[in-house]
Every structure is written in structure tokens, then in C-alpha cells.
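# A structural walkthrough
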Amino acid sequence: MANPSIYTVGGTVQAGGGIYIPRQADEELLGLCRSATFAYVLTPRQMGKSSLMVRTAETLREEGIRSVIVDLQELGANVTAEQWYFGFLVKLDDQLMFDTDVVSWWQEHQHLGVSQRLTLFFERVLLAEVEGQVVIFVDEIDSTLSLDFTDDFFIAIRYLYVARATNPEFHRLSFVLIGVATPGDLIRDAKRTPFNIGQRVDLTDFTFEEALPLANGLRLPMDKAQLVLMWVLQWTEGHPYLTQRLCNAITDQGNSSWSKVYIEGVVHSTFFGAMSEQDNNLQFVRDMLTKRSPDQEVLTTYREIYRSKLPVLDEEQSLVKSHLKLSGVVRRENGKLLVRNLIYSRVFDEQWIIKNLPPNYWRIYQKIFYACSVGIGIGVFGSLTVLELANFYQEREVRQFNQGYEQAQLLSNYKDAVVGAQLHSSNLVAVLENSQQLQSKKADFLNNVEKAKQLESKIGGFIESKPRRLAATSSTLQTLLLDYKINLKAYIDQIEAVLQKIDSQQVQPQQISSARSQLLTIMRGETAIRLDQLSQSLTNILQTAEEQEQERQKAVEQAKVVQRAILTLNAVVLVPLAVVMGVVTSQRKAPEV
């Protein structure tokens, strides 16, 4: 078992004794605090906000800058405004040790409002008794969103910033707000000026270089540990919690030999299926997309981002897109919004989106109402006509359903062949010293390559047959296949060029080590990354194909329902109605001449 403190999967790194991974945000926040600039770190959960806060506060204290951390959750939720504001000052007193008795001071000024007392305390007590610069970190600010009196708290903080213009002493005081919220959430009263001060600090996912210290906890030789870490990041994209959770799950397995396929198995057992309901991070994202969603448009916008048919541009003023970013399920890249990582993409996939979107039955009701109206209008003969039309559309949908199934099978098999080739190529690294095993693994690698080539030809023929409906345009599919073909050939050529150098009986250990390093470089290189990107694009197309299959299956079933409904309507309503109309007509007297 690995040292349980090596990875942090809950709480702060400092509390658990884990590895702290510095990022660009460390220097940014430290610089802002040193210059007494108001700042905020408002990001999704489990991105390392609190660990960043603790580390920054410790560094500031070492530099002689007084730092205070107030966790707003500790003030409680079922409290009055009076208790909440007073609790905030008690937290300051606990860490700054004022000479003034806070309890007596608060009671002596109870004729003032709570927010006015707060700002007055900062001016007449804190700045009067504490020398030098003071930085106050306010953590878990999202806990205020359920309270109806905290607008005034953030207005008070804004006042302390604005007061710098008239009172130079306030330049010694600065705040850092931390939590899962947007600046627009902090002051919710639309009649008041929004919270518009401070500089944002973005917490990004780990890069491969930043995450390298995590490889030390995998208990593997360094070259293999780095390869495993690379596979981990292909799933997590460097998300701090997901990365460390997956690394921790890998060490719990206790294996000394790993492959990309085994890593995928650990991902499945850790995050997918029933486990997705138990993971705190996935539950948070799920709640943000459903229960805590401010608008149904959150899910529909996420679906557009997920499908990635057209780029979805980020908009800072968009409530929906800000909420999606705050949930953590998407990230901003070059002005566009993308699904944050492959784990989120698999858990919150097309099927999950459809399941959680309110069902749109209007079109079905519209069709049934139209069919009934036509049936009533034209009587029994009209019903027979509609039945014929229903049969026609049912047969057409069945044909399209079969074509869709063939399309999905071809594309899925092609993707599996390419991914299989990449997986088998990664196994070459572990058997370079054994020529017999190397030849066997190389054969597996080339077999998958050949399979991919054969399927490529079949897909081309399928596209040329011009099926009625494709998961993507024919030009898109042809471009994707060509891109695959070029990059797969380049990937093969690179690997074979390395293997040819050691394809002899007299291979020196130094040559083996060099070949291993070259193979690892290839597997992390641009060509491999491009193949992974193409596989993700193909996965999105396959999901569209699956959705089309489901729609066609529903259409076939709907056609059957319409047939049964028309037959029932004909027997129960239309025939009796025709009889009644005939009776009424027959009883009407002819006009007298």
C-alpha cells in the first residue's frame, strides 16, 4: 500500500500531509496580497482553493504580513444576522488578539446596524491596534448564498475598498474571497450595485510537468511511473481532485505492471456506474447541472458543448455559461467552452443529458392531434389513408434504423482498432529486453493497424452508398478518416523507426534504454495526442449516431402506436359518429317549395 498521505482526495493538502503542487495561481495570489490588492478565487469544488489559501497565508506570515483565515461555514446557517456578524469578528479576534474586548464593543454599538458596526470595527479597532499590512482570507463564501442578510456583508467589504480614497489607513487592509460562486452571486439584490471590485485569480488544472511530483507516489520505476501518470492525465486532464483520486486508486491496486487498458479498468471501477453516484465531486457536478441549475438552458447549453458540432463561445456576462464553468464540467480554452475531461464526458454523456432534460412530448401530441383531426374530418376512408402513410413512414424508419446500426458498428470498430493499436504500442515499452515478446507485441500492434485499414475502406464504401442519414456530414467523416489515416501512418512509422534500431541479437542495454525513452516521447507526442483528439471526435460522432438510433427506434414505436390509435379511434369514435351524422341528416326535413 502506498503512503496514504501522498495524495489528497479531500480537505487541504496541509491538513492531510500530502504533496502540494504549485501553479501559476500561487505567484499571482501572493503578488496581489503583497500589494494589498483585493482578490477573489471563485472556482469549482476540489480545485485546490483552500490549499492555495493556507499556503499563501503561511508565506505572508513568514514575510511579516498579518494574515487571517475565516471559514464562513463555521459561522452557521441557522443564525440571525446579529449572531453571524458578531461571529465573524470573534474569528478575527481569535487570530489577531485585539486589546479591545470584542463582546463589550459589539454590545456598546448595538444602536448601529450590523454592517455599519462591522466597518466601524475595522476602522476603529483592527486598523488602530494592528500595525502593518493585514490580509483577510474569507473562505466558503458560497455558504452565504442561502442566507438573506449577507448582501450587506459584501457591500461592507466594497466600502472598505472604496474608503481607501479618503482614508489612507485602509490601504493596509485587503480581502481575498474564496468559494464556489460568481461575483454576481454575492450581491443578489438587483437594485444594488453588483460586487465589482477585486482581481480574479484562476486556478487551472495541472499540466504534465506540474503533476510530475505525483508520479513519486505510484511506487514504480520513474520511467514507468511517468508513463502511468501520462495515462492518468489523458482521463483527468490534470483536474486536481480526479488526478489524485485516480492515482490513489492505482496505488491501492498494488500492481507493479500497468498498461493503458488496466488504467482504463481502474477508471471504470472508480468513477463509472454505481461509483459515479458515490463520488463527492461527481455528485457536486451532477447537482450543479440539475438541482442547483438556475435555468433549464444550463443542460441544453451543456449538450451543445458536449456535442461540439459548432464551437460554443464563452461569455463572461452569461449566467448559464458562468454556472457551467462554476460546476467544473466545462473549461475555457481559446475563448471556447469544452468538456473539462474524459471522465466528465463519459459520466455526463448524451444519454445522461437526455435522461435529465424534461421530456419534450409536444411533438408527439401534435402528431396524434393532427392524425385524429384528419381522421375525424375524412371519416373511415381518411383513417385508412393515414394507416397507409403510417406504414410507409414505419418502413422508411426501419430502413434508416438498419443503416444507422451499420454506420455505428463500422465507426465503433474502426475507433476500437485505432485505439487498440495505440494500446498495443504502449505495451512495447515493457518488453524491449525480450525479443520474442517484443515480436509478439509488435504483431498485435500491426494486426490492429491492418484491421483499421480494412475498416477504413468499408466506411468509405458505406459513405459512397449515400445513406439517407449520417451521424455527421459525408465531408466531415471523410476528412476525419483522412486525418486518422495520415496520423496513424506517421505514428506507425515513428514506432517502427525506433524498433528497427534494436532489431538485432547484439543490442546493448544503452540502446534499449534509448529506445524506451524514444517510444515514451512518441506516445506523448503531437501525433499520439492528435490520434486521441480524433478518437474523441469519433466518440462524439458515435454518440450522435446512438442518439439517432434511439430517435429512429422511437419513431418506429410511435408509428405502431399511431396505427393502433387510429384503429381504435375508427372503431370507437369515427364509425359511431358517422352513424349519428347519418341519422341526424336523414331526420332533417327537406325544405318546402
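Bear in mind that the values here come from a model prediction, so they are computed numbers and not experimental data.

To continue, consider the nonpolar core. In this structure, Phe348 and Leu519 are the most contacted members of the largest nonpolar core, which totals 101 residues. Here the element with the most residues in this core is helix α21 (residues 474-501); it accounts for 10 residues. For Leu519, the residues in contact, after removing those within four places along its chain, are Leu428, Val429, Leu432, Ile495, Val498 and Leu499.

In this section: the sheet that holds strand β3 (residues 134-139). An order of β2-β3-β4-β1-β5 is seen for the five strands of this open sheet, with the pairing classed as parallel. Of all the strands in the sheet, just β2 (66-71) and β5 (199-200) have a single pairing partner and so form its edges. Direction of pairing for β2 relative to β3: parallel, over a ladder of six bridges. By the bridge assignment for β3, Val70 is matched with Val138. Against the sheet, helix α4 (residues 81-96) engages β2 and β3, with an angle of about 140 degrees to β2. The strands touched by helix α7 (residues 151-162) are β3 and β4 (173-179); relative to β4, the strand with the most contacts, the crossing angle is about 145 degrees.

Right, let's get into the pairing of β4. In terms of residue burial, β4 counts as a mostly covered element, since seven of its seven residues are buried. Burial of β4 is two-sided: the residues Leu173, Phe175, Leu177 and Gly179 facing one way and the residues Ser174, Val176 and Ile178 facing the other way are all buried. Summarising the sheet, strand β1 (residues 39-42) and β4 pair through four bridges and their orientation is parallel. For Ala39, the partnering residue across the bridge sits in β4 and is Val176. As judged from the five bridges shared by β3 and β4, these two strands associate in the parallel manner. Within β4, the position partnered with Ile136 by the bridge is Phe175. For the crossover from β3 across α7 to β4, the handedness is right-handed.

Moving on, we come to the confidence of the model for the chain. Confidence in the prediction for the chain averages 83 pLDDT; 82% of positions are at 70 or higher. Note on residues 361-371: pLDDT is under 50 here. Beyond four places in sequence and across chains, it has two contacts. Confidence drops under a pLDDT of 50 for residues 582-593, and excluding neighbours within four residues, the segment shows zero contacts in the predicted structure.

Let's shift gears to α21. Over its 28 residues, α21 runs 41 Å from end to end, which matches the ideal 40 Å to within 8%, given 1.5 Å per residue. Those residues of α21 lying buried are Leu477, Leu480, Leu481, Tyr484, Asn487, Leu488, Tyr491, Ile492, Ile495, Val498 and Leu499.

The rules we used
Residues numbered from 1 in each chain as written. Predicted model: local features only at pLDDT ≥ 70, side-chain atom pairs only at ≥ 80, totals over all residues. Heavy atoms only, no water. Core = buried A, V, L, I, M, F, W, Y, C linked by side-chain atoms within 4.5 Å. Buried < 20%, exposed > 50% of the residue type's maximum accessible area, 1.4 Å probe, protein only. Helix = DSSP H or I, 4+ residues; strand = E, 2+ residues; numbered from the N terminus. Contact = heavy atoms within 4.5 Å. Pairing = 2+ DSSP bridges. Axes fitted to C-alpha atoms, helices over the stretch in contact; angles between N-to-C directions. Right-handed = clockwise from strand over helix to strand, strands pointing away. pLDDT = per-residue confidence, 0-100. Expected span 1.5 Å × (residues − 1).

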